[in-house]
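As a plain string of letters, each chain reads:
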Amino acid sequence: MISEAKNYQPHYLNRIQIIACGTSLHAAMVGKYIIEDFTGIAVDVEPSSEYIYRKTVTNSNTLVIGASQSGETADTITAIRQAKEKGAHALIITNRPDSSMARYADSLIPVNAGIEISVAATKSYTAQLLAFYLLAIKLAETKNTLSKEFLRNLKHELIQIPVKLEKILSHKEDIQKVAKKFANHRNFIFIARGINLATALEGALKLKEISYINATGYAAGELKHGPIAMLDDTMPVLSIL
(Lines give C-alpha, C1' and ligand atoms only; values in the text may rest on other atoms or scores of the structure.)
Protein backbone atom coordinates (compact mmCIF):
# COMPACT_ATOMS: atom_id res chain seq x y z
CA MET A 1 0.00 0.00 0.00
CA ILE A 2 1.27 3.46 -0.89
CA SER A 3 0.35 6.03 1.73
CA GLU A 4 -1.29 9.26 0.60
CA ALA A 5 0.82 12.40 0.38
CA LYS A 6 -0.68 15.88 0.33
CA ASN A 7 -0.22 18.03 -2.76
CA TYR A 8 1.78 15.35 -4.58
CA GLN A 9 1.00 14.98 -8.27
CA PRO A 10 2.98 12.26 -10.11
CA HIS A 11 1.92 13.87 -13.43
CA TYR A 12 4.55 16.58 -12.84
CA LEU A 13 7.47 14.26 -12.18
CA ASN A 14 10.40 14.89 -14.48
CA ARG A 15 13.05 12.91 -12.62
CA ILE A 16 13.38 10.07 -10.12
CA GLN A 17 16.40 9.41 -7.93
CA ILE A 18 16.76 6.08 -6.15
CA ILE A 19 19.27 5.85 -3.32
CA ALA A 20 20.13 2.65 -1.50
CA CYS A 21 22.94 0.38 -0.32
CA GLY A 22 23.93 -3.24 -0.91
CA THR A 23 21.10 -5.58 -1.84
CA SER A 24 18.59 -2.71 -1.92
CA LEU A 25 20.83 -0.96 -4.46
CA HIS A 26 20.50 -3.93 -6.78
CA ALA A 27 16.72 -3.87 -6.40
CA ALA A 28 16.91 -0.17 -7.25
CA MET A 29 18.73 -1.02 -10.49
CA VAL A 30 15.77 -3.16 -11.54
CA GLY A 31 13.49 -0.31 -10.49
CA LYS A 32 15.37 2.08 -12.78
CA TYR A 33 15.11 -0.29 -15.71
CA ILE A 34 11.36 -0.88 -15.48
CA ILE A 35 10.31 2.67 -14.50
CA GLU A 36 12.20 4.15 -17.45
CA ASP A 37 10.85 1.45 -19.75
CA PHE A 38 7.25 1.79 -18.56
CA THR A 39 7.03 5.59 -18.19
CA GLY A 40 9.89 7.36 -19.98
CA ILE A 41 10.79 9.18 -16.76
CA ALA A 42 14.55 9.54 -16.25
CA VAL A 43 15.76 7.55 -13.24
CA ASP A 44 19.14 7.83 -11.51
CA VAL A 45 20.41 5.15 -9.12
CA GLU A 46 23.22 5.92 -6.72
CA PRO A 47 24.71 4.33 -3.60
CA SER A 48 23.64 6.31 -0.55
CA SER A 49 27.24 6.36 0.67
CA GLU A 50 28.23 8.32 -2.46
CA TYR A 51 25.13 10.52 -2.66
CA ILE A 52 25.73 12.12 0.73
CA TYR A 53 29.26 13.29 -0.05
CA ARG A 54 28.53 15.44 -3.08
CA LYS A 55 26.27 18.38 -3.93
CA THR A 56 22.63 17.37 -3.62
CA VAL A 57 21.05 18.15 -7.00
CA THR A 58 17.30 17.74 -6.68
CA ASN A 59 14.10 19.82 -6.43
CA SER A 60 10.36 19.71 -5.86
CA ASN A 61 9.76 18.03 -9.25
CA THR A 62 11.98 15.10 -8.25
CA LEU A 63 10.79 11.93 -6.57
CA VAL A 64 13.54 10.56 -4.34
CA ILE A 65 13.12 6.89 -3.45
CA GLY A 66 15.01 5.45 -0.50
CA ALA A 67 15.13 1.65 -0.36
CA SER A 68 16.26 -0.27 2.72
CA GLN A 69 15.42 -3.64 4.22
CA SER A 70 15.81 -2.45 7.80
CA GLY A 71 14.93 1.20 7.34
CA GLU A 72 17.88 2.00 9.62
CA THR A 73 20.67 2.30 7.02
CA ALA A 74 22.51 5.43 8.20
CA ASP A 75 23.80 6.58 4.80
CA THR A 76 20.35 6.25 3.20
CA ILE A 77 18.69 8.14 6.06
CA THR A 78 21.20 10.97 5.62
CA ALA A 79 20.63 11.02 1.86
CA ILE A 80 16.86 11.20 2.27
CA ARG A 81 17.20 14.05 4.76
CA GLN A 82 19.45 15.99 2.36
CA ALA A 83 17.03 15.47 -0.54
CA LYS A 84 14.03 16.60 1.51
CA GLU A 85 15.90 19.78 2.46
CA LYS A 86 16.00 20.56 -1.29
CA GLY A 87 12.24 20.10 -1.59
CA ALA A 88 12.12 16.59 -3.06
CA HIS A 89 9.25 14.23 -2.30
CA ALA A 90 10.58 11.20 -0.38
CA LEU A 91 9.16 7.75 -1.04
CA ILE A 92 10.50 5.02 1.24
CA ILE A 93 10.46 1.32 0.34
CA THR A 94 11.27 -0.72 3.43
CA ASN A 95 10.54 -3.94 5.25
CA ARG A 96 10.15 -2.05 8.53
CA PRO A 97 7.35 0.57 8.45
CA ASP A 98 8.21 1.46 12.08
CA SER A 99 11.83 2.32 11.20
CA SER A 100 13.69 5.62 11.37
CA MET A 101 13.67 5.99 7.59
CA ALA A 102 9.91 5.49 7.43
CA ARG A 103 9.47 8.51 9.70
CA TYR A 104 11.11 10.69 7.01
CA ALA A 105 8.70 9.39 4.34
CA ASP A 106 6.24 11.58 2.48
CA SER A 107 4.99 8.32 0.95
CA LEU A 108 5.66 4.80 2.18
CA ILE A 109 5.65 1.36 0.57
CA PRO A 110 6.11 -1.35 3.24
CA VAL A 111 7.12 -4.60 1.52
CA ASN A 112 5.80 -6.79 4.36
CA ALA A 113 8.33 -9.60 3.84
CA GLY A 114 8.60 -10.54 7.52
CA ILE A 115 11.72 -10.43 9.67
CA GLU A 116 15.02 -11.26 7.97
CA ILE A 117 16.73 -13.76 10.27
CA SER A 118 20.17 -13.61 8.63
CA VAL A 119 22.33 -10.67 7.59
CA ALA A 120 21.91 -11.59 3.93
CA ALA A 121 18.61 -10.12 2.71
CA THR A 122 16.71 -12.71 0.67
CA LYS A 123 12.92 -12.53 0.83
CA SER A 124 12.99 -8.76 1.39
CA TYR A 125 14.99 -8.37 -1.85
CA THR A 126 12.32 -10.25 -3.79
CA ALA A 127 9.64 -8.15 -2.10
CA GLN A 128 11.48 -4.93 -3.00
CA LEU A 129 11.54 -6.02 -6.64
CA LEU A 130 7.79 -6.52 -6.53
CA ALA A 131 7.34 -3.11 -4.91
CA PHE A 132 9.27 -1.47 -7.75
CA TYR A 133 7.13 -3.31 -10.31
CA LEU A 134 3.92 -2.18 -8.63
CA LEU A 135 5.19 1.40 -8.48
CA ALA A 136 6.17 1.31 -12.17
CA ILE A 137 2.76 -0.09 -13.08
CA LYS A 138 0.96 2.61 -11.09
CA LEU A 139 3.05 5.37 -12.69
CA ALA A 140 2.37 3.92 -16.14
CA GLU A 141 -1.36 3.84 -15.44
CA THR A 142 -1.29 7.44 -14.17
CA LYS A 143 0.70 8.69 -17.16
CA ASN A 144 -1.12 6.40 -19.62
CA THR A 145 2.16 5.24 -21.17
CA LEU A 146 1.32 1.54 -21.58
CA SER A 147 -1.70 -0.29 -22.93
CA LYS A 148 -4.26 -1.68 -20.51
CA GLU A 149 -3.79 -5.13 -22.05
CA PHE A 150 -0.03 -5.11 -21.41
CA LEU A 151 -0.50 -4.02 -17.80
CA ARG A 152 -3.24 -6.60 -17.25
CA ASN A 153 -0.98 -9.38 -18.57
CA LEU A 154 1.91 -8.15 -16.42
CA LYS A 155 -0.23 -8.19 -13.28
CA HIS A 156 -1.31 -11.73 -14.11
CA GLU A 157 2.33 -12.79 -14.46
CA LEU A 158 3.22 -11.19 -11.10
CA ILE A 159 0.46 -13.18 -9.41
CA GLN A 160 2.05 -16.38 -10.78
CA ILE A 161 5.41 -15.71 -9.09
CA PRO A 162 4.81 -17.92 -6.00
CA VAL A 163 4.01 -20.88 -8.25
CA LYS A 164 7.13 -20.26 -10.34
CA LEU A 165 9.28 -20.01 -7.20
CA GLU A 166 7.98 -23.37 -6.01
CA LYS A 167 8.82 -24.86 -9.41
CA ILE A 168 12.42 -23.63 -9.14
CA LEU A 169 12.77 -24.92 -5.57
CA SER A 170 11.48 -28.33 -6.67
CA HIS A 171 14.83 -28.78 -8.48
CA LYS A 172 16.71 -28.82 -5.15
CA GLU A 173 18.77 -31.89 -6.00
CA ASP A 174 19.98 -30.39 -9.29
CA ILE A 175 20.93 -27.14 -7.57
CA GLN A 176 22.81 -28.98 -4.81
CA LYS A 177 24.71 -31.03 -7.40
CA VAL A 178 25.93 -27.89 -9.14
CA ALA A 179 26.79 -26.22 -5.82
CA LYS A 180 28.96 -29.19 -4.74
CA LYS A 181 30.79 -29.09 -8.07
CA PHE A 182 31.90 -25.49 -7.52
CA ALA A 183 32.15 -25.40 -3.71
CA ASN A 184 35.96 -25.52 -3.63
CA HIS A 185 36.52 -22.65 -6.07
CA ARG A 186 37.81 -19.44 -4.52
CA ASN A 187 36.66 -17.09 -7.29
CA PHE A 188 33.50 -16.75 -9.33
CA ILE A 189 32.17 -14.46 -12.07
CA PHE A 190 28.52 -13.65 -12.76
CA ILE A 191 27.54 -12.02 -16.07
CA ALA A 192 24.28 -10.74 -17.55
CA ARG A 193 22.77 -8.03 -19.75
CA GLY A 194 19.96 -5.53 -19.36
CA ILE A 195 17.54 -6.06 -16.51
CA ASN A 196 19.41 -9.24 -15.50
CA LEU A 197 22.60 -7.32 -14.64
CA ALA A 198 21.20 -6.48 -11.20
CA THR A 199 20.63 -10.19 -10.59
CA ALA A 200 24.25 -10.94 -11.54
CA LEU A 201 25.48 -8.32 -9.06
CA GLU A 202 23.13 -9.60 -6.36
CA GLY A 203 24.14 -13.21 -7.02
CA ALA A 204 27.81 -12.30 -6.64
CA LEU A 205 27.04 -10.42 -3.43
CA LYS A 206 25.12 -13.36 -1.98
CA LEU A 207 27.92 -15.80 -2.83
CA LYS A 208 30.40 -13.55 -1.00
CA GLU A 209 28.13 -13.07 2.02
CA ILE A 210 27.14 -16.70 2.48
CA SER A 211 30.02 -18.79 1.12
CA TYR A 212 33.01 -16.44 1.53
CA ILE A 213 33.90 -17.07 -2.11
CA ASN A 214 35.25 -14.04 -3.96
CA ALA A 215 32.61 -13.27 -6.60
CA THR A 216 32.15 -10.40 -9.03
CA GLY A 217 29.25 -9.43 -11.28
CA TYR A 218 29.78 -7.82 -14.70
CA ALA A 219 27.73 -6.55 -17.59
CA ALA A 220 28.38 -9.28 -20.16
CA GLY A 221 29.69 -6.85 -22.77
CA GLU A 222 32.22 -5.49 -20.29
CA LEU A 223 33.84 -8.88 -19.71
CA LYS A 224 36.18 -8.30 -22.64
CA HIS A 225 37.31 -4.91 -21.30
CA GLY A 226 39.73 -6.19 -18.67
CA PRO A 227 38.07 -9.01 -16.68
CA ILE A 228 38.72 -11.49 -19.50
CA ALA A 229 42.32 -11.54 -18.25
CA MET A 230 41.10 -13.49 -15.22
CA LEU A 231 39.50 -16.29 -17.23
CA ASP A 232 41.03 -19.75 -17.34
CA ASP A 233 39.89 -23.31 -16.66
CA THR A 234 39.77 -22.62 -12.91
CA MET A 235 37.35 -19.65 -13.12
CA PRO A 236 33.64 -20.52 -13.14
CA VAL A 237 31.40 -18.10 -15.07
CA LEU A 238 27.69 -18.06 -14.36
CA SER A 239 25.60 -16.46 -17.08
CA ILE A 240 22.05 -15.25 -16.41
CA LEU A 241 19.87 -15.35 -19.53
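Residues numbered from 1 in each chain as written. Predicted model: local features only at pLDDT ≥ 70, side-chain atom pairs only at ≥ 80, totals over all residues. Heavy atoms only, no water.

Caption draft 1: Looking closely at the packing of aromatic side chains. Under the definition given, this model contains 4 aromatic pairs. Plain terms: the ring middles of Phe38 and Tyr133 are 6.5 Å apart, the flat faces sit at 65 degrees to each other, and that makes the pair edge-to-face. With Phe38 in helix H1 (residues 22–39) and Tyr133 in helix H4 (residues 123–143), this pair connects stretches of sequence that are 95 residues apart. Ring geometry for Phe182 and Phe188: centres 5.7 Å apart, planes at 80 degrees, overall edge-to-face. On the basis of relative accessibility, which here comes to 10%, the residue Phe188 falls in the buried class. (Phe/Tyr/Trp six-rings, centres within 6.5 Å; stacked < 30°, edge-to-face > 60°. Helix = DSSP H or I, 4+ residues; strand = E, 2+ residues; numbered from the N terminus. Buried < 20%, exposed > 50% of the residue type's maximum accessible area, 1.4 Å probe, protein only.)

Caption draft 2: Quick look at unusual backbone geometry. Phi is positive for Asn112, which is not a glycine, with a value near 55 degrees. Since its relative accessible area comes to 61%, Asn112 is described here as exposed.

Caption draft 3: Structural detail: the pattern of salt bridges. Throughout the structure, instances matching the rule amount to 9 salt bridges. Lys155 is paired through a salt bridge with Glu141; the nearest N and O atoms lie 2.7 Å apart. One end of the pair, Lys155, is in helix H5 (residues 148–159); the other, Glu141, is in helix H4, and 14 residues separate them in sequence. Residue Lys155 is classed as partly exposed on the basis of its relative accessible area of 36%. (Salt bridge = Lys/Arg side-chain N within 4 Å of Asp/Glu carboxyl O.)

Caption draft 4: Summary view of the sheet that holds strand S2 (residues 43–47). In spatial order, the strands read S2-S1-S3-S4-S5; together these 5 strands make up an open sheet with parallel pairing. The sheet is open, and its two borders are formed by S2 and strand S5 (107–110), each paired with just one other strand. If you compare each strand with its neighbour and ignore which way they point, the axes differ by 20 degrees on average. The sheet contact formed by strand S3 (residues 62–68) and strand S4 (residues 89–94) spans 6 bridges and is parallel. Paired with Ala67 across the bridge in S4 is Ile93. Across the sheet, H1 is in contact with strand S1 (15–20), S2 and S3; its angle to S2 comes to roughly 170 degrees. (Pairing = 2+ DSSP bridges. Axes fitted to C-alpha atoms, helices over the stretch in contact; angles between N-to-C directions. Contact = heavy atoms within 4.5 Å.)

Caption draft 5: Expanded view of a nonpolar patch on the surface. On the surface, a nonpolar cluster with roughly 500 Å² of combined accessible area is contributed by Leu130, Leu134, Ile161, Leu165, Ile168 and Ile175. Those elements that place two or more of their residues in the nonpolar patch are H4 and helix H6 (161–169). Per-element tally for the nonpolar patch: the top contributor is H6, with 3 residues. As for its placement among the helices and strands, Leu130 is situated in helix H4. (Patch = residues over 30% accessible without salt bridge, like charges linked within 9 Å, V, L, I, M, F, W, Y side chains within 5 Å. Areas by Shrake-Rupley, 256 points an atom, 1.4 Å probe, with all protein chains shown as cover.)

Caption draft 6: Up close: the packing of H1 against H4. Contact geometry of H1 with H4 gives a least axis separation of 9 Å together with a crossing angle of 20 degrees. Viewed along their axes, H1 and H4 adopt a mutual orientation that is roughly parallel. Relative to H4, H1 is oriented so that their crossing is right-handed. Counted together, Thr23, Ser24, His26, Ala27, Ala28, Val30, Gly31, Ile34, Ile35, Phe38 and Thr39 of H1 and Tyr125, Gln128, Leu129, Phe132, Tyr133, Leu135, Ala136, Ile137, Leu139, Ala140 and Lys143 of H4 form the full contact between these two elements. Counted by class, the contact of H1 with H4 contains 15 nonpolar, 6 polar and 1 charged residues. (Parallel < 35°, antiparallel > 145°, perpendicular 65-115°, else oblique. Left-handed = near helix turned anticlockwise from the far one by under 90°. Nonpolar A, V, L, I, M, F, W, Y, C, P; charged D, E, K, R; others polar.)

Caption draft 7: Local environment of the sheet that holds strand S6 (residues 187–192). Spatial strand order, S7-S6-S8: 3 strands in an open sheet with parallel pairing. If you trace the sheet from one side to the other, it starts and ends with strand S7 (214–219) and strand S8 (237–239), each paired once. Mean inter-strand twist for the sheet, computed between neighbouring axes without regard to direction, equals 20 degrees. Relative to S7, S6 runs parallel, the two sharing 6 bridges. Within S7, the residue paired with Ile191 across the bridge is Tyr218. Here helix H8 (residues 197–211) sits on the sheet in contact with S6 and S7, set at roughly 175 degrees to S7.

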